[in-house]
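Tertiary structure, described
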Amino acid sequence: VTIKITDRDGVMHEVLAPTDMAMNIMELVRAYELAPEGTIGICGGMAMCASCQCYVLNEVELPEMGPDEDAMLSEAFNVKPNSRLGCQIPITNDLEGLELELAPE
Ligand code: FES
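Report follows, based on the coordinates. Each chain has its residues counted from 1, following the order in which its sequence is written. Predicted model: local features are reported for residues with pLDDT of at least 70 only, side-chain atom pairs are reported and counted for 80 or more only, and whole-chain, interface and lining totals are derived from all residues.

1. Thoughts on the overall build of the chain
Helices and strands together make up the secondary structure of the chain, namely 2 helices and 5 strands. Helices and strands in the chain line up, N terminus first, as β-β-α-β-α-β-β. For the C-alpha atoms alone, the extent of the chain along its principal axes is close to 30 × 30 × 25 Å. The exposure scheme places C-beta atoms from the backbone and then counts, for each residue, the other C-beta atoms within 10 Å of its own, assigning buried at 20 or more, exposed at 12 or fewer, and partly exposed in between. Among the 105 residues that make up the chain, the fraction classed as buried is 30%. In the chain, once contacts between residues fewer than 6 apart in sequence are set aside, the share between residues at least 24 apart is 66%. Starting at the N terminus, helices and strands are each numbered in turn, a helix being any DSSP run of H or I of at least four residues and a strand any DSSP run of E of at least two. In this description, a residue-residue contact is defined by the distance between C-beta atoms placed from the backbone, which must lie within 7 Å.

2. Thoughts on unusual backbone geometry
Positive phi values are uncommon outside glycine, yet Glu33 reaches one of about 55°. By the element assignment, Glu33 lies in the loop between helix 1 (25-31) and strand 3 (53-56). The backbone of Asn78 shows a phi angle near 60°, a positive value even though the residue is not glycine. Following the sequence through the fold, Asn78 ends up in the loop between helix 2 (67-75) and strand 4 (83-85). Asn78 sits in the exposed class, given 11 other C-beta atoms within 10 Å.

3. Quick notes on the nonpolar core
It is characteristic of soluble globular proteins that their nonpolar side chains tend to be buried jointly. By size, the foremost hydrophobic cluster in this structure holds 22 residues, and its most contacted members are Ile25 and Val29. If you list the elements that add at least two residues to this core, you get strand 1 (2-6), helix 1 and strand 5 (99-102). Apart from the residues within four sequence positions on either side, Ile25 is in contact with Cys54, Gly86, Ile89, Ile91 and Leu100. To define a nonpolar core, we join buried Ala, Val, Leu, Ile, Met, Phe, Trp, Tyr and Cys residues through C-beta atoms within 7 Å and take the resulting set.

4. Some thoughts on the pairing of strand 5
For a regular strand, side chains alternate in direction, first toward one face of the sheet and then toward the other. A one-sided burial pattern is seen for strand 5, the buried positions being Leu100 and Leu102 and the unburied ones Glu99 and Glu101. A pair of strands is treated as paired once DSSP finds two or more bridges between them. Direction of pairing for strand 1 relative to strand 5: parallel, over a ladder of 3 bridges. Across the sheet, the residue bridging to Lys4 is Glu99, located in strand 5. When strand 3 meets strand 5, the two strands line up antiparallel, connected through 3 bridges. If you follow Tyr55 over to strand 5, its bridge partner there is Glu101.

5. A look at the pairing of strand 1
Here strand 1 shows a buried face lined by Ile3 and Ile5 and an unburied face lined by Thr2, Lys4 and Thr6. Sheet analysis places strand 1 next to strand 2 (residues 12-16), joined by 5 bridges and oriented antiparallel. Directly across from Ile5, in strand 2, lies its bridge partner His13.

Structure representation (structure tokens):
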């Protein structure tokens with residue numbers, strides 16, 4: 001699926017995200033090196049660091065927020081109503097056309 005991700009410098013990247021590799025958005029950002037090493041995915045995708053926070057820019061249906069993600073976002077910085085944790089969003093066909101922006105570090 002194609003996903004648009006705006007990096008922390010404001011540059012938009014249109015990336016091809018594989019749906020058959022059990023990857024999530026945080027891992028996708030790392031795979032495409034859209035954020036410097038060590039600034040995203042610090043907790044390894046456990047919903048415990050918020051380094052993978054991103055803002056959802058369009059109306060694509062995403063999986064419901066789980067309690068761990070909800071709790072983490074209630075204490076993270078720069079949280080907006082459209083914030084999600086990238087590591088909690090698996091890449092599936094439902095994400096076609098999704099547009100995201102990485103939250104500040
Ligand atoms: Fe730590 Fe997503 S990688 S919360």
